[in-house]
Amino acid sequence: MSGYGSAGKLALLLSVVSLVGVLFTTLSPYWKINSQVASQNVNVGIAKFEGVWIRCTSTGPGQFQCDGFDDSFLGLTPELQAQRAMMVLAAICAVTGVLCGGLGMDCVVAMGDNNAKPKIYTGRTGGGCMLLGGILTLVSVSWYSSGIVFEYFNPNLQGAQFKYEFGPALYVGWVSSVLAIIAGILLLCCNCGATEETDDYPYNYGPAKPVSSTRPNTEYV
């Protein structure tokens, strides 16, 4: 039986919050920022930060020079291409999850009542999309952060002009992914119903009509 209740409303709220976080993470240029401590002294005071779509350099307050990596899509590294694709898919899944989760609410009658199969399946679809979006976001930001850690501690890059550390977008991505996974699980649990028990074509049972038996009038001699 479908019925959100308090758990379903909490799941929908978490879905909306995680959607905002996923969209911010996808578009944010603050996936990694240069470390003022680990970078060379000559570059202290220069702020450089990158995302999966854009990278910027700031030499002073309000002064930014940004570019889209100045490469064609095929010229980008395979890791960056994969991370872009995963974040785009995560955003699409999050949007779909919020829409389907909203249609599955008790107060929305567009998909029928709480026992209607379309409404139950819509709620399950929303939960599955949120769960998938959370997993994709978690994989993408964790993969990106592992590259930052590798470059930071790589002995061959100790003399690099810029050394990077985690940007705020990664933390937002981690929190959003966890919230999306929790929301997806809650939506799936709230729409766990035995839909097989409900039949679209109910049977009308009526008592059998009595059959009158007539016996011929016979006389035995």
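Everything discussed here concerns the structure shown above.
What counts and what doesn't
- Throughout, residues of each chain are indexed from 1 in the direction in which the sequence is written.
- In keeping with the predicted nature of the model, local features appear solely for residues at pLDDT of at least 70, side-chain atom pairs appear and are counted solely at 80 or more, and the whole-chain, interface and lining totals rest on all residues.
- Calculated side-chain values reflect all of the structure's heavy atoms, with hydrogen atoms and water omitted.
- Throughout this description, the term salt bridge denotes a Lys or Arg side-chain nitrogen within 4 Å of a carboxyl oxygen of Asp or Glu.
- Helix numbers and strand numbers start at the N terminus; a helix is a DSSP run of H or I with at least 4 residues, a strand a run of E with at least 2.
- Relative accessibility thresholds used throughout: buried, under 20% of the residue-type maximum; exposed, over 50%; partly exposed, between the two (1.4 Å probe, protein chains only).
- Axes here refer to lines fitted to C-alpha atoms; in helices the fit is confined to the stretch in contact. Angles between the N-to-C directions go from 0 to 180 degrees.
- Note on terminology: angles under 35 degrees are roughly parallel, angles over 145 are roughly antiparallel, angles of 65 to 115 are roughly perpendicular, and the others are oblique.
- Should the near helix be turned anticlockwise from the far one by less than a right angle, the crossing is termed left-handed; should it be turned clockwise, right-handed.
- Nonpolar residues are Ala, Val, Leu, Ile, Met, Phe, Trp, Tyr, Cys and Pro. Charged residues are Asp, Glu, Lys and Arg, and all others, Gly as well, are polar.
- Think of a nonpolar core as a cluster: buried Ala, Val, Leu, Ile, Met, Phe, Trp, Tyr and Cys residues, connected wherever their side-chain atoms sit within 4.5 Å.
- Think of it this way: a Phe, Tyr or Trp ring, Trp meaning its six-membered ring, pairs with another when their centres are within 6.5 Å, and the plane angle makes it stacked under 30 degrees, edge-to-face over 60, tilted otherwise.

Next up on the list: the pattern of salt bridges. Under the defined criterion, the tally for this structure stands at 2 salt bridges. K32 is the salt-bridge partner of E50, the closest N and O atoms lying 3.7 Å from each other. Within this pair, whereas E50 is found in strand β2 (residues 47–50), its partner K32 is found in strand β1 (residues 32–34), the two being separated by 18 residues in sequence. The exposure class assigned to K32 is buried, which follows from its relative accessible area of 10%.

A few words now on the packing of helix α2 (residues 78–103) against helix α3 (residues 117–153). Running from amino to carboxyl end, α2 crosses α3 at an angle of 155°, the nearest separation of the two axes being 7 Å. As summarised for this structure, α2 and α3 are arranged roughly antiparallel, according to the angle between their axes. Once α2 is placed against α3, the crossing between them reads as left-handed. Its residues placed into classes, the contact of α2 with α3 shows 17 nonpolar, 11 polar and 2 charged.

This part covers the packing of α3 against helix α4 (residues 168–190). Axes are the key here: two packed helices are described by the angle between their axes and the distance separating the axes. For the pair α3 and α4, the least separation of the axes is 7 Å and the interaxial angle reads 155°. By the angle class used here, α3 and α4 are roughly antiparallel. Relative to α4, the crossing made by α3 is left-handed.

Of all hydrophobic cores here, the largest spans 16 residues; its most connected members are V22, W31, V52, L80, Y144 and L170. Sort the elements by how many residues they give to this core and α2 lands first, with 5 residues. Grouped together as the second largest cluster of nonpolar side chains are 7 residues, L19, M130, A180 and L187 included.

Let's shift gears to the packing of aromatic side chains. By convention here, two paired aromatic rings are described through the distance between centres and the angle between planes. Following the criterion strictly, the structure yields 5 aromatic pairs and no others. Look at W31 and Y144: their rings are 5.0 Å apart centre to centre, the planes differ by 70°, and that puts the pair in the edge-to-face class. Placement of W31 in the loop between α1 (5–27) and β1 and of Y144 in helix α3 is noted, with a sequence separation of 113 residues between them. On the accessibility criterion, Y144 (10% relative accessible area) is buried. Ring centres of F166 and W174 lie 5.7 Å apart, and the angle between their planes is 70°; this geometry places the pair in the edge-to-face category.

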